[in-house]
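# Coordinate analysis (summary)
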Amino acid sequence: MSVRFRTFEIKIKQTMLQLTQEIKGTAFVYVVNEQTTLNNQTPDYVGEAFKTFQTAETKEDFFKIGNQFYFFVKENNDLEKMRVAGFNIRQKLDKKATDITIVGSGETTLALAEGLALSNYQFLKYFKDADDREYTLENIFMLGDISAEEISRINNVIKAVFWARDMVNEPNSFLTANQLAKEIQEIGDEAHFHVEVFRKSEIEALKMGGLLAVNKGSIQPPTFTVMEYKPANPINEKPIVLVGKGVVYDTGGLSLKPTPNSMDLMKSDMGGAAMMAGTVYAAALNKLNIHIIGLIPATDNRPGGDAYAPGDIVTMMDGTTVEVLNTDAEGRMILADAISYAAKYTPELIINSATLTGAALVAVGTRAACLMSNASSNVTNDILNAGEKVYERMVQLPLWDDYKEQLKSTCADLKNIGGSTAGTITAGKFLEHFAKAPFVHIDIAGPAFTTATENYKGNGGTGTGIRALHEFFVNYKK
């Protein structure tokens, strides 16, 4: 039997963008270009500062009079610069300000508001002085030529990003595999998409050998969570399946990780699960006309008890045997079973996401994810372009068959590591083996988690990938 967990109150705190016909609050932002004019009610001192800024080389400026903040931002068609300008406003704004009005129009102003809203995220659950630290900004009022539909869409995507950030930031002392399943159930109830959670006995019945092997060293049971968002008349006849790595904590298992700058960051190893569940959440909130399945295999990876060991041979769900040479290559073991499970839906596309390899971080750093694909060039380019649009950039790496040579084992069908070279690609090639449909793999090891504030992405879990995939789905098959 599958289990449906009881639901909990939604905890996501979010600053809301909303339209207004008048300037409100005590903080005001003017998006300025050569044609911008101010109305007659604008105070003289603001008008004078505006005229000076409009003709100056300065890109951003602000001043404060009493408890009122005035910000000027030069309009820039580079949307990322506008988002970062939104972050800069958050840095200067009084943390106890509750309302701000942005005066401007179009996608440049929306990008600035998006950056400001994303910058307002905080993870304060475990601070005893959280009330003192908390930003109290509740409303971002938009005065200009912007549609209510655009406002609603951005609000919903930001809500999904905040949820994903919360999940990544939660420690394993709270976020077990079971708890992750409960949290997904909660957003499913809110956004009206179906969630089914399989427990260990059902995972055993499915013969998910990879997920069960990784879980052997843990006292916490694994879960396998299946999400489905299906509108009445989706544009795709066959679903798109999203698969996300849900390793809620990774010690490396018997192939133990070092602690500094490694194991101490591994609460973030379920960033792929957060990305894919968050993507389904955003699609459902925005009622996108596309059929999506989400699959989240989840466990922690520990060296205790009967932990799986280097040298073990594991039989996967599809019957493939895998020689384990490194228990810290656990993400691909649990994902492979989920990708095999995807075949039951005969999907038109499988997209996998994971904080999978340190090699991805070495290759492209924190500025981009690594994408590998055997899907059509149209699909691949559409995902890459969506990432560029929202500045969640991806660098495409090859999935040439030559790389499968590195995965050959002397005693099983495959081995779970490909050697010291091309580690990100061989991990993707390993996963491709289990996909029976066009396959895209996104390794988010670099951008999923920051150790210092990085503009509107924040400090900690970033929720990366949700905005990119949502943009991809908004334009899918158009």
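In this text, all values refer to a predicted model and were calculated from it rather than measured experimentally.

### Looking at the side chain of Thr-380
Looking at the secondary structure, you find Thr-380 in helix H12 (residues 377–390). Taking the relative accessible area as the measure of exposure, Thr-380 reaches 4% and is therefore buried. Of the polar contacts made by the side chain of Thr-380, one reaches the side chain of Ser-373; its length is 2.7 Å.

### With respect to helix H10 (residues 331–341)
Three or four residues apart is the spacing at which side chains of an α-helix point the same way, because the helix has 3.6 residues per turn. Across the 11 residues that make up H10, a large majority, 11, are buried. Taken together, the buried positions of H10 are Gly-331, Arg-332, Met-333, Ile-334, Leu-335, Ala-336, Asp-337, Ala-338, Ile-339, Ser-340 and Tyr-341.

### So, the environment of Pro-234
Secondary-structure assignment places Pro-234 in the loop between strand S8 (223–229) and strand S9 (240–244). For the pair formed by Pro-234 and Leu-288, sequence separation is 54 residues and the distance between their alpha carbons is 8.4 Å. If sequence neighbours within four positions are ignored, Pro-234 has contacts with Asn-289, Ile-290 and His-291.

### Considering the nonpolar core
Grouped together as the largest cluster of nonpolar side chains are 94 residues, with contacts concentrated most on Ile-140, Leu-180, Phe-193 and Ile-351. In this structure, Phe-193 is in contact with Ile-184, Ile-187, Gly-188, Met-227, Glu-228, Tyr-229, Val-280, Tyr-281 and Ala-284, ignoring residues within four places of it in sequence. Judged by nonpolar contacts, the second largest core, of 40 residues, contains Leu-335, Tyr-341, Tyr-345 and Ala-437.

### Section: the environment of Val-214
Locating Val-214 in the fold gives a position in helix H8 (residues 209–215). By relative accessible area, which is 0% here, Val-214 ends up buried. Taking the C-alpha atoms as reference points, Val-214 and Asp-300, 86 residues apart in sequence, are found 7.6 Å from one another. With residues near it in sequence (within four places) discarded, Val-214 still touches Thr-299, Asp-300, Asn-301, Tyr-308, Glu-330, Met-333 and Ile-334.

### Thoughts on the environment of Asp-402
Within the secondary structure layout, Asp-402 lies in the loop between strand S16 (394–396) and strand S17 (414–415). A relative accessible area of 57% means that Asp-402 is categorised as exposed.

### A word on the sheet that holds strand S12 (residues 313–315)
If you trace the 3 strands from one edge of the open sheet to the other, you get S12-S13-S17, paired in mixed fashion. The sheet terminates laterally at S12 and S17, the two strands that pair on one side only.

### Digging into the layout of surface pockets
Over the atoms, a rolling probe the size of a water molecule traces out where space has been left empty. The calculated volume of the largest pocket comes to roughly 850 Å³. Residue lining of the largest pocket: 37 residues in total, with Lys-257, Met-266, Thr-357, Gly-358 and Ala-445 positioned closest to the centre. Taken together, the elements giving at least two residues each to the lining of the largest pocket come down to H10, helix H11 (358–364), helix H13 (423–432) and strand S19 (449–450). Residue composition of the lining of the largest pocket, by class: 11 nonpolar, 18 polar and 8 charged.

### Quick look at the side chain of Glu-471
Inspection of the secondary structure assignment puts Glu-471 in helix H14 (residues 466–474). Owing to a relative accessible area of 15%, Glu-471 belongs among the buried residues under this scheme. In contact with Glu-471, other than residues within four places in its own chain, are Ala-386, Lys-389 and Val-390.

### Here's the deal with the packing of aromatic side chains
Summed over all chains, the structure comprises 20 aromatic pairs. Both rings, one in Phe-50 and one in Phe-72, keep their centres 6.2 Å apart while their planes meet at 55°; by these two values the pair is tilted. Separated by 22 residues along the polypeptide, Phe-50 in helix H1 (residues 44–55) and Phe-72 in strand S4 (residues 68–74) bring together distant segments of the chain. Given a relative accessible area of 2%, Phe-72 falls into the buried group. Their ring planes at 65° and their centres at 6.1 Å tell us that Tyr-341 and Tyr-345 sit as a pair that is edge-to-face. Since its relative accessible area comes to 18%, Tyr-345 is described here as buried.

### Focus on a negative patch on the surface
Among the surface-exposed residues, Glu-107, Asp-145, Glu-149 and Glu-150 lie close enough to one another that they form a single negatively charged patch. Here Asp-145 is to be found in the loop between strand S6 (139–143) and helix H5 (148–169). For Asp-145, a relative accessible area of 63% corresponds to the exposed category.

### A look at the sheet that holds strand S3 (residues 60–65)
Spatially, the 6 strands line up as an open sheet ordered S1-S6-S5-S2-S4-S3, and their pairing is mixed. Sheet topology places strand S1 (16–19) and S3 at the edges, where each strand pairs with a single neighbour. Adjacent strand axes in the sheet meet at a mean angle of 20°, parallel and antiparallel pairs treated alike. Pairing geometry for S3 and S4, over 6 bridges, is antiparallel. Within the sheet, the bridge partner assigned to Lys-64 lies in S4 and is Phe-69. Lying on the sheet, H1 is in contact with strand S2 (27–32), S3 and S4; it crosses S4 at an angle near 25°. Seen against the sheet, helix H2 (residues 79–92) touches S2, S3, S4 and strand S5 (99–103) and runs at an angle of roughly 160° to S4.

### Topic: the pairing of S4
Of all 7 residues in S4, 6 are buried; the element is thus mostly enclosed. Of the strand pairs in this sheet, S2 and S4 are connected by 6 bridges, and their pairing is parallel. Residue Tyr-30 lies in a different strand from S4, and its bridge partner there is Phe-72. Following S3, the chain reverses through 2 residues before pairing antiparallel with S4; Gly-66 in that reversal takes a positive phi of roughly 65°.

### Here's the deal with the pattern of salt bridges
Counting across every chain of the model gives 20 salt bridges. The salt bridge partner of Lys-125 is Glu-170, with a shortest N-O separation of 2.8 Å. A residue pair is termed long-range when its members are at least 10 positions apart, and Lys-125 in the loop between helix H3 (106–119) and helix H4 (130–133) and Glu-170 in the loop between H5 and helix H6 (177–191) qualify at 45 residues. Overall, the relative accessible area of 44% leaves Lys-125 in the partly exposed class. Judged by relative accessible area, Glu-170 falls into the buried class, the value being 5%. Among the salt bridges present, the one from Lys-408 reaches Glu-405, with a minimum N-O distance of 3.1 Å. On the basis of relative accessibility, which here comes to 51%, the residue Lys-408 falls in the exposed class. What you see here is one network of salt bridges that share partners, running through Glu-80, Arg-83, Glu-114, Glu-392, Lys-457 and Arg-467.

Rules of the game
Residue numbers run consecutively from 1 along every chain, following the written order of its sequence. The predicted nature of this model means local features are confined to residues of pLDDT at least 70 and side-chain atom pairs, given and counted, to a pLDDT of 80 or more, with totals for whole chains, interfaces and linings taken over all residues. As a rule here, side-chain values cover all heavy atoms of the structure and leave hydrogens and water aside. Where helices and strands are cited, they refer to DSSP runs of H or I of at least four residues and of E of at least two residues respectively, numbered from the N terminus. When a residue's accessible area, from a 1.4 Å probe over protein chains only, is under 20% of the maximum for its type it is buried; when over 50% it is exposed; and in between it is partly exposed. Whenever two N or O atoms come within 3.5 Å, that pair is a polar contact, provided that in protein one can donate a hydrogen and the other can accept it, and provided that, for residues adjacent in sequence, both atoms are side-chain atoms. By definition in these notes, contact holds between two residues if any of their heavy atoms fall within 4.5 Å. Among buried residues, those of type Ala, Val, Leu, Ile, Met, Phe, Trp, Tyr and Cys that are joined through side-chain atoms within 4.5 Å constitute a nonpolar core. A pair of strands counts as paired when DSSP detects no fewer than two bridges linking them. The method works on a 1 Å grid over the protein atoms by themselves. A cavity is a set of points holding a 1.4 Å probe that cannot get out, a pocket is an open set with protein on both sides within 12 Å along at least five of seven lines, and residues with an atom within 4 Å of a point line them. Grid points are joined across faces, edges and corners, and a volume is the space filled by probe spheres set on the points. Residue polarity follows a fixed list, in which Ala, Val, Leu, Ile, Met, Phe, Trp, Tyr, Cys and Pro are nonpolar, Asp, Glu, Lys and Arg are charged, and the others, Gly among them, are polar. Here a Phe, Tyr or Trp ring, Trp counted by its six-membered ring, pairs with any other such ring whose centre lies within 6.5 Å, and the pair is stacked when the planes are under 30 degrees apart, edge-to-face when over 60, and tilted otherwise. Each patch groups residues whose relative accessible area exceeds 30% and which form no salt bridge, using 9 Å between like charges and 5 Å between nonpolar side chains of Val, Leu, Ile, Met, Phe, Trp and Tyr. Each accessible area is a Shrake-Rupley estimate made with a 1.4 Å probe; only the visible protein chains count as cover when residues are assessed. We define a salt bridge as a contact between a side-chain nitrogen of Lys or Arg and a carboxyl oxygen of Asp or Glu at a distance within 4 Å. Charge assignment in this entry is limited to Lys and Arg as positive and Asp and Glu as negative, and neither His nor the chain termini are counted. To locate a charge, the coordinates of NZ of Lys, CZ of Arg, CG of Asp or CD of Glu are taken. Simply put, an axis is a line fit to the C-alpha atoms, just over the touching stretch for a helix, and the angle between two N-to-C directions goes from 0 to 180 degrees.

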